[in-house]
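Each chain, written out:
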Amino acid sequence: MYSKPMFLALFIVLLFIGPANAQTAALDTPVYSNAAMRVIDQYKAALSDELEIFNGPIYRLWPQAYRGSAYFDEKTHCTPSLVRYNGTWYKDIPVIYDIYTDVMVAAAKDSLFVLQAEKITDVWLLDHHFLYINSKSSANLKPGFYDQLYDGKSRVLVKRVRTIENNITQQTVSTIYENKEVIYIKKGNNYYPVNSKGSVLEVFKEKKKALGQYLNENKIKYNSDKEGSIVKLAVYYDQINN
């Protein structure tokens, strides 16, 4: 049974829903009029910490390391993000991504909560689009959060990983985080790990010669920008693979 404020908010939103033939909104979000969006924003702001998204276990930040960080972009504070949780989009959710344990963490009141990964499909954080891949969505990828660099006929994902090393001396323990990235290209129904220009061209082997020429003609230096180069190759492959 809806509470009176919830019923009122939903009733007002229904009054202002845009026409069915309105332009499709980005990210497959519902199409609402500006008035309806203001009501939704006000309603969610009023509920704030009571939203269903804030129902995971309490989280505690890792101590500052001697070098590196457990967190994406080495941000040790939450950043307003767009999260699709349990099929609903929530904007301006304060999020920090713990890459070391591969969890998304949100802030509510004076606490941090782990977001339930199995209910998340998308997180837009610091201009990156993270997807949660589960065993149902891919048979050959380990479940977890992946940074989507490109989504076309093919797809490019990056699994960002942190490894940890503790250097122990008689007086101190120095914690060092090292970055590791594994890049995957989706072709057909499978994801293929790539770690060199040759492995990328092997995935797209039916257009290998054309892609090699594309790299040379556009003076793309693979080793200078590995992720960007792979995205350019995937985009070009999709364009010529008709």
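In this report, the structure presented in the accompanying data block is examined. (Residues numbered from 1 in each chain as written. Predicted model: local features only at pLDDT ≥ 70, side-chain atom pairs only at ≥ 80, totals over all residues. Heavy atoms only, no water.)

1. Observations regarding the overall build of the protein
Link 1 in the chain: Secondary structure assignment for the protein yields five helices and 10 strands.
Link 2 in the chain: Here the protein holds 242 residues, and the buried ones make up 38% of them.
Link 3 in the chain: By element, 51% of the accessible surface of the protein is carried by carbon and sulfur atoms, the whole surface being about 14,800 Å². (Helix = DSSP H or I, 4+ residues; strand = E, 2+ residues; numbered from the N terminus. Buried < 20%, exposed > 50% of the residue type's maximum accessible area, 1.4 Å probe, protein only. Areas by Shrake-Rupley, 256 points an atom, 1.4 Å probe, with all protein chains shown as cover.)

2. Things to note about the sheet that holds strand E9 (residues 173-187)
Link 1 in the chain: Strand order in the open sheet formed by 10 strands is E4-E3-E2-E1-E5-E6-E7-E8-E9-E10, with antiparallel pairing between adjacent strands. Every other strand in the sheet has two partners, leaving strand E4 (111-114) and strand E10 (190-194) as the edge strands with one partner each. Here the strands of the sheet are splayed against their neighbours by 40 degrees on average, with no regard to which way each runs.
Link 2 in the chain: Pairing of strand E7 (residues 144-151) with strand E8 (residues 155-168), which is carried by four bridges, proceeds in the antiparallel orientation. Bridging from a neighbouring strand, Asp 151 pairs with Arg 155 of E8. (Pairing = 2+ DSSP bridges. Axes fitted to C-alpha atoms, helices over the stretch in contact; angles between N-to-C directions.)

3. Brief notes about the pairing of E7
Link 1 in the chain: Most of E7 is tucked away, with six of its eight residues classed as buried.
Link 2 in the chain: Alignment of strand E6 (residues 128-133) against E7, held across five bridges, turns out to be antiparallel. When the sheet's bridge partners are listed, Tyr 132 is paired in E7 with Phe 145.
Link 3 in the chain: Where E7 folds back onto E8 in an antiparallel hairpin, the turn is made up of three residues.

4. Notes on the environment of Asn 241
Link 1 in the chain: Within the secondary structure, Asn 241 sits in the segment after helix H5 (226-240).
Link 2 in the chain: Put simply, Asn 241 and Glu 206 are 35 residues apart on the chain and 8.9 Å apart in space, counted from C-alpha to C-alpha.

5. Quick look at a nonpolar patch on the surface
Link 1 in the chain: On the surface, Trp 62, Tyr 100 and Ile 164 cluster together into a nonpolar patch covering about 240 Å² of accessible area.
Link 2 in the chain: Looking at the element boundaries, Ile 164 is found in strand E8.
Link 3 in the chain: A relative accessible area of 33% means that Ile 164 is categorised as partly exposed. (Patch = residues over 30% accessible without salt bridge, like charges linked within 9 Å, V, L, I, M, F, W, Y side chains within 5 Å. Salt bridge = Lys/Arg side-chain N within 4 Å of Asp/Glu carboxyl O.)

6. A short note on the nonpolar core
Link 1 in the chain: Counting residues in each nonpolar core, the largest one holds 22 residues, and the members touching the most others are Ile 53, Ile 93, Tyr 97 and Met 104.
Link 2 in the chain: Elements with a contribution of two residues or more to this core: strand E1 (79-85), strand E2 (88-98), strand E3 (103-108) and strand E5 (120-125).
Link 3 in the chain: Considering every element that reaches this core, the biggest residue donor is E2, with four residues.
Link 4 in the chain: Once residues within four sequence positions are removed from consideration, Tyr 97 is found in contact with Ala 70, Tyr 71, Phe 72, Asp 102, Val 103, Met 104, Leu 125, Phe 130, Phe 145, Lys 159 and Arg 160.
Link 5 in the chain: Core analysis: the next-biggest nonpolar cluster, separate from the first, contains 20 residues, Val 156, Ile 183, Tyr 214 and Val 231 among them. (Core = buried A, V, L, I, M, F, W, Y, C linked by side-chain atoms within 4.5 Å. Contact = heavy atoms within 4.5 Å.)

7. Considering the pattern of salt bridges
Link 1 in the chain: As enumerated under the stated definition, the model contains six salt bridges in all.
Link 2 in the chain: Here Asp 102 ties to Lys 159 by a salt bridge, and the two come within 2.8 Å at their closest N and O atoms. Remark: Lys 159 occurs in strand E8 and Asp 102 occurs in the loop between E2 and E3; sequence separation between them is 57 residues.
Link 3 in the chain: Given a relative accessible area of 12%, Lys 159 falls into the buried group.
Link 4 in the chain: Between Lys 187 and Glu 206 there is a salt bridge whose closest N-O contact spans 3.0 Å. On the criterion of sequence distance, the pair formed by Lys 187 in strand E9 and Glu 206 in the loop between helix H3 (197-203) and helix H4 (208-217) is long-range, its members being 19 residues apart.
Link 5 in the chain: Looking at Lys 187, the relative accessible area reads 25%, which means it is partly exposed.
Link 6 in the chain: Overall, Glu 206 belongs to the partly exposed group, its relative accessible area being 41%.
Link 7 in the chain: Several salt bridges share partner residues, and in doing so they unite Asp 147, Arg 160 and Glu 227 into one network.

Honestly, that's just the spatial picture; any functional story needs more than this.
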